[in-house]
Amino acid sequence: MEPTNIPTLTPTLEPTSSSPTYAPTGAPTTYVITLLAGSSTTVGYNGDNIDSTSAYLWYPSGIALDSASNVYVCDSLNNRVRKISATTSIITTYAGYGPSYSGSFCCDGNAATDAALYSPTSVIFDSSDNMYFSDRYNHRIRKVTASTQIISTIAGTGTGTYDYSSGVATSVSLNYPIGVAVDNSGNVYIADNSNALVRKVDTATGTLTTLAGSGTISDPFGLALNSAYDTLYVTDATDWVIYVIDLAADTISTLSSSIGAYAFGLTIDSSDNLIITGYGKVQKLTLSSGSIVTIAGTGSAGYSGDGGPPTSAKIWYPWAVAYDSNGDFYICDRGDHMIRKVTAQGTYGPTKAPTTIPTAIPTAIPTLTPTNSPTYLPTPSPQSPSGQPTRQPSAQPSSQPSSQPTSQPTNPTGQSRNQSTSQPTRYASYT
């Protein structure tokens, strides 16, 4: 069970004239944020089969867990989907082979690790552990079949054009898709970002239809389905609102709760509360009451606080969150090039009432103060590949991203970060 709020300090015992009161058995008392993968000082790719805390990432953007609680990360600018073992914490590549920074497309019908990707951005699993992810700059949704590890395209043509049609999913163009979700029948939902549409792929028939858009949603980004699979939630990253699509009634509405500035990734916890990522923080929206609280981050960009309370830690552009079966959650900290984990620690008080009242009451709890702050690399825009990958792609997208970087990074296997002091604008730029 997830907590209704994350306390920032360990609670003290309160003196009372009669008997003390206690929280329910097993109620969490503190939550601790730690580093799961990535480096605070270096970005790029430094290999596989190493401990995840020693691995470099480059703008990780999506995160999901399989049925065994292994963690999968869309390592966007390394053009790979990485896997972190739940039992060993060893990181490997699950899909894609690079190269870092510039990507391309190839090799559907082959092993996922032989495929070329171009900025994988969001990832999800169905009930059979088949993986679906948005291959963003290839304008496709791709699937890795669990039983064979074969990669395929389930939607998109590879050409990013304005296409509002329905039909065979692999014959309809997507335009920089971001969010993906999957229901209990294996149908896949897509935030077709630059087309400003929300789409559905019926995986039994291979047909794509449009659920919402055409002026309704400006900037569809994150998607999440409730536990009944009859309601789809959509974040709008420009208007900072959450749309509600009633799949049975085929209607769309807007949540009245204010989520403040920025709404990027979206997931839903085991109690059907919405978990929303934004600039510098992760928030939880309780749908039954409309209340919203911060569960990680301070709202300021940066990196600090590992080993302490998550609400005292700095997180830079969290883009996605995923929960495990214990209620611990994982944050895709894109701006810090890291995966952070939030874990419950300890309980409030004893599990049954004590026979005596404590006589010594603690008066202060020490707080964790970070001692230094790392520097960071400003966000680059991806560029078209300057050379062909080792494996020749079977089809190249006919259009490339409109924003091109002015230079290639000097050391893509270990690029140092430079200080960036600029504040984000309301209309965020995604890479």
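Everything discussed here concerns the structure shown above.
Calculation criteria
- Residues numbered from 1 in each chain as written.
- Predicted model: local features only at pLDDT ≥ 70, side-chain atom pairs only at ≥ 80, totals over all residues.
- Heavy atoms only, no water.
- Disulfide = S-S within 2.5 Å.
- Buried < 20%, exposed > 50% of the residue type's maximum accessible area, 1.4 Å probe, protein only.
- Pairing = 2+ DSSP bridges.
- Helix = DSSP H or I, 4+ residues; strand = E, 2+ residues; numbered from the N terminus.
- Axes fitted to C-alpha atoms, helices over the stretch in contact; angles between N-to-C directions.
- Polar contact = N/O pair within 3.5 Å; in protein donor to acceptor, adjacent residues only side chain to side chain.
- Core = buried A, V, L, I, M, F, W, Y, C linked by side-chain atoms within 4.5 Å.
- Contact = heavy atoms within 4.5 Å.

K.L.:
If you had to explain the state of the cysteines to someone new, which residues and values would you point to?
P.N.:
Counting across every chain of the model gives one disulfide. At a sulfur-sulfur separation of 2.4 Å, the disulfide partner of Cys106 is Cys107. Disulfide Cys106-Cys107: torsion about the S-S bond near -75°, hence left-handed. Since its relative accessible area comes to 0%, Cys106 is described here as buried. Judged by its relative accessible area of 15%, Cys107 falls in the buried class. Here Cys332 stays unpaired: no disulfide links it, and the sulfur of Cys74, its closest cysteine neighbor, is 7.5 Å away. Exposure remark for Cys332: the relative accessible area of 0% places this residue in the buried category.

K.L.:
Let's hear about the sheet that holds strand E23 (residues 281-285): which residues, and what values?
P.N.:
Strands sit in the order E21-E22-E23-E24 across an open sheet of four strands; the sheet is antiparallel. Of all the strands in the sheet, just strand E21 (266-268) and strand E24 (292-297) have a single pairing partner and so form its edges. Ignoring which end each strand starts from, the neighbouring axes of this sheet average 25° apart. The pairing of E23 with E24 spans five bridges and is antiparallel. Each residue of the ladder has a partner; that of Leu285, found in E24, is Ile292.

K.L.:
Go over the environment of Arg199, please, and point to the residues and values.
P.N.:
Looking at the element boundaries, Arg199 is found in strand E15 (residues 197-202). Overall, Arg199 belongs to the buried group, its relative accessible area being 0%. Sequence separation between Arg199 and Pro177 is 22 residues, and the spatial gap between their C-alpha atoms is 9.9 Å. Polar contacts involving the side chain of Arg199 include one to the main-chain carbonyl oxygen of Asp163, which spans 2.3 Å. In this structure the side chain of Arg199 is engaged in a polar contact, spanning 3.3 Å, whose partner is the side chain of Thr210.

K.L.:
Go over the nonpolar core with me, naming the residues and quoting the values.
P.N.:
The biggest cluster of nonpolar side chains holds 19 residues, and the ones touching the most others in it are Val81, Leu117, Met131, Phe133, Val144 and Ile151. For this core, the secondary structure elements donating two or more residues are strand E5 (71-75), strand E7 (90-95), strand E8 (120-125) and strand E9 (131-135). Once residues lying within four places of it in the same chain are set aside, the contact partners of Met131 are Tyr72, Val81, Tyr94, Val123, Ile124, Phe125, Arg142, Lys143 and Val144. In terms of nonpolar packing, the next biggest core, distinct from the first, is built from 15 residues, Ile63, Ile84, Ala320 and Ala322 among them.

K.L.:
Go over unusual backbone geometry with me, naming the residues and quoting the values.
P.N.:
Of the consecutive residues Gly98 and Pro99, the connecting peptide bond is found in the cis state with omega at 0°. Within the secondary structure, Pro99 is located in the loop between E7 and E8. If you check the backbone angles, Tyr59 has positive phi at about 50° while not being a glycine. You can see Tyr59 is positioned in the loop between strand E3 (50-51) and strand E4 (60-65). In this model, Asp250 sits at a positive phi of 60°, which is unusual for a non-glycine residue. Within the secondary structure layout, Asp250 lies in the loop between strand E19 (241-246) and strand E20 (251-254). The class of Asp250 is exposed, set by a relative accessible area of 60%.

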